[in-house]
Amino acid sequence: MLHLLRPLLLTVLTVLLCTACAPEGAGTAEGLQHARLLRMRQEGTATVAEVMDPWHEGRVMHRYLLVPRADSVPAGLPEGTLVRTPLRRMVATSSVHAALAADLGCRHLVAGLCDTAYVMHPLLRTDLRSGRTAALGASFAPDMERLVALAPDAVTVSPMEHTGYGALAATGIPLIECADYMEQTPLGRAEWMRFYGRLWGCGERADSLFAATERTYDALCRVAAEARSPRPRLIVDMKQAAAWYVPGADSYLARLYADAGADYVFARHRGSGSVALSVETVMAEGAEADVWIVKYGQAEPRTYASLAADYAPVRRLRPWRERRVWACNTLAVPYYEETPFHPERLLRDLVAIFHPEVDAEAQPAYYHPMP
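In this text, all values refer to a predicted model and were calculated from it rather than measured experimentally.

By the secondary structure assignment, Thr156 is in strand 10 (residues 154-157). Leave out the neighbours within four places in its chain, and Thr156 touches Met90, Val91, Ala92, Thr93, His97, Ile176 and Cys178.

Quick look at the structure:
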């Protein structure tokens, strides 16, 4: 069944190749279907984008007025931060948004980037090595002198509850609050690319890419739902110190697991982010799971032996005993940079793991059998 999706996957690539250099029209900001923390509407030549407060339902956290550089500011716009588009230079405090810019043919806009030690995207790494993109230190404490010297039109930041932006806010540079990471569904997060595309002057290209992403994601969901094999019982991640952190039942990852055709063992533990479980809880609830997927970031690959060396009781987990552990080393693949705006790529991995009979030739991009 999964082989039927290959034309759709090729469609995503075709969208990128055919639009990378295509002239852009104004497009339309209407029609958001999945994002719950983003609203967009067109008012004349301006796009009014409202980022909703993830911690206070119904409250607008930030309103942006995106006005093309060549146009005058339309009368009657609501109060908000004026941003002239397309941006000419920007600083990204997260490589997630820099990778999306590269995906949309706009990586030349990324003048500076934070947390560069964790960048895995090959094009971003090339730009950092060549000096085309400046390394600006940690996202929570960027090199302000270098950042200001770059004279960016905007800086992308990740909002945190009860946390301000300190010296960054004092610069007067527009801060684009990227609350996409707080969305609870994979397509909800991915749909934010339509907002970023309008910032970068490629709104139509972003719309096309999202439409292709949505089609492929939905098709993969149907493949998983129609799979002949039973839904595997799934456990995830590893013990860290005294706790075992897992995605909460209301998180976009939990939704991905369900869409991929798995029964997530920890689905009764509510939360839209990470939930800390006791190791006793994990061992009791996950003892008879069918599959275990592990995500980590380190130079040396994880093995069954290293899992047991860290915490010997994992030997009692059925996936450990029966060698059904799949691992993703985030220092070897661009997992964090690609999957937020391309959930269909991660979903394809998971479907191949949970229901291998649907495509014997599938080669997962991120997860691989643990050695």
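This part takes up the sheet that holds strand 18 (residues 325-329). Judged by pairing direction, the sheet is mixed, and its five strands sit side by side in the order 15-12-17-18-19 without closing on themselves. One side of each edge strand has no neighbouring strand; the edge strands of this open sheet are strand 15 (263-264) and strand 19 (368-369). Where strand 12 (residues 233-236) and strand 17 (residues 291-296) come together, three bridges link them in parallel fashion. Pairing of Leu234 across the sheet is with Val291, part of strand 17.

This part is about the pattern of salt bridges. On inspection of all chains with the given rule, the structure shows 22 salt bridges. Measuring nitrogen to oxygen at the nearest pair gives 2.8 Å for the salt bridge that ties Arg41 to Glu43. Between Arg302 and Asp310 there is a salt bridge, and its shortest N-O distance comes to 2.4 Å. Overall, the relative accessible area of 52% leaves Asp310 in the exposed class.

A few words on the packing of aromatic side chains. To describe a pair of aromatic rings, one takes the distance between the centres and the angle between the planes. Under the definition given, this model contains 13 aromatic pairs. Their ring planes at 40° and their centres at 6.1 Å tell us that Trp192 and Tyr196 sit as a pair that is tilted. Like Trp192, the residue Tyr196 is buried in the burial classification. The interplanar angle of 90° and the centroid separation of 5.9 Å between the aromatic rings of Tyr335 and Tyr366 together place this pair among those described as edge-to-face. Of this pair, Tyr335 sits in helix 13 (residues 335-338) while Tyr366 sits in the loop between helix 14 (343-354) and strand 19, and the two are 31 residues apart along the sequence. Judged by relative accessible area, which is 3%, Tyr366 ranks as buried. Through successive ring pairs, a cluster of aromatic residues spans Tyr64, Trp192, Phe195, Tyr196, Trp200 and Phe341. Positioned above the aromatic ring of Tyr304, the side-chain terminus of Arg323 is 4.2 Å from the ring centre.

Once that is clear, we can look at the sheet that holds strand 16 (residues 274-278). Strand order in the open sheet formed by three strands is 13-14-16, with antiparallel pairing between adjacent strands. The open sheet is flanked by strand 13 (239-240) and strand 16, the only strands paired with a single partner. Here helix 10 (residues 279-286) sits on the sheet in contact with strand 13, strand 14 (243-247) and strand 16, set at roughly 90° to strand 16.

A separate point is the environment of Ser158. Residue position: Ser158 is located in the loop between strand 10 and helix 5 (166-170). Other than its neighbours up to four places away in sequence, Ser158 contacts Thr93, Tyr165, Cys178 and Tyr181.

Here we come to helix 14. Because an α-helix packs 3.6 residues into every turn, residues spaced three or four apart end up facing the same way. Counted at 1.5 Å a residue, the expected span for helix 14 with its twelve residues is 16 Å, and the 16 Å between its end C-alpha atoms agrees. Taken across its twelve residues, helix 14 has ten buried, putting it largely inside the fold.

Moving on: the nonpolar core. If you look at the biggest cluster of nonpolar residues, it comprises 98 residues, and the most contacted ones within it are Trp192, Phe195, Trp200 and Trp292. Per element, the largest residue contribution to this core is eight residues, and it comes from helix 8 (residues 203-225). Residues Val91, Ala134, Leu147 and Leu175 belong to the second largest nonpolar core, which totals twelve residues.

For the rest of this paragraph, the subject is the side chain of Asp153. Tracing the backbone shows Asp153 in the loop between helix 4 (144-149) and strand 10. Asp153 gets classed as buried once you look at its relative accessible area, which sits at 16%. Discounting chain neighbours no more than four positions away, the residues touching Asp153 are Arg69, Leu87, Arg88, Arg89, Ile173 and Pro174.

Conventions adopted
Residues numbered from 1 in each chain as written. Predicted model: local features only at pLDDT ≥ 70, side-chain atom pairs only at ≥ 80, totals over all residues. Heavy atoms only, no water. Helix = DSSP H or I, 4+ residues; strand = E, 2+ residues; numbered from the N terminus. Contact = heavy atoms within 4.5 Å. Pairing = 2+ DSSP bridges. Salt bridge = Lys/Arg side-chain N within 4 Å of Asp/Glu carboxyl O. Buried < 20%, exposed > 50% of the residue type's maximum accessible area, 1.4 Å probe, protein only. Phe/Tyr/Trp six-rings, centres within 6.5 Å; stacked < 30°, edge-to-face > 60°. Lys NZ or Arg CZ within 6 Å of the ring centre and 35° of its normal. Axes fitted to C-alpha atoms, helices over the stretch in contact; angles between N-to-C directions. Expected span 1.5 Å × (residues − 1). Core = buried A, V, L, I, M, F, W, Y, C linked by side-chain atoms within 4.5 Å.

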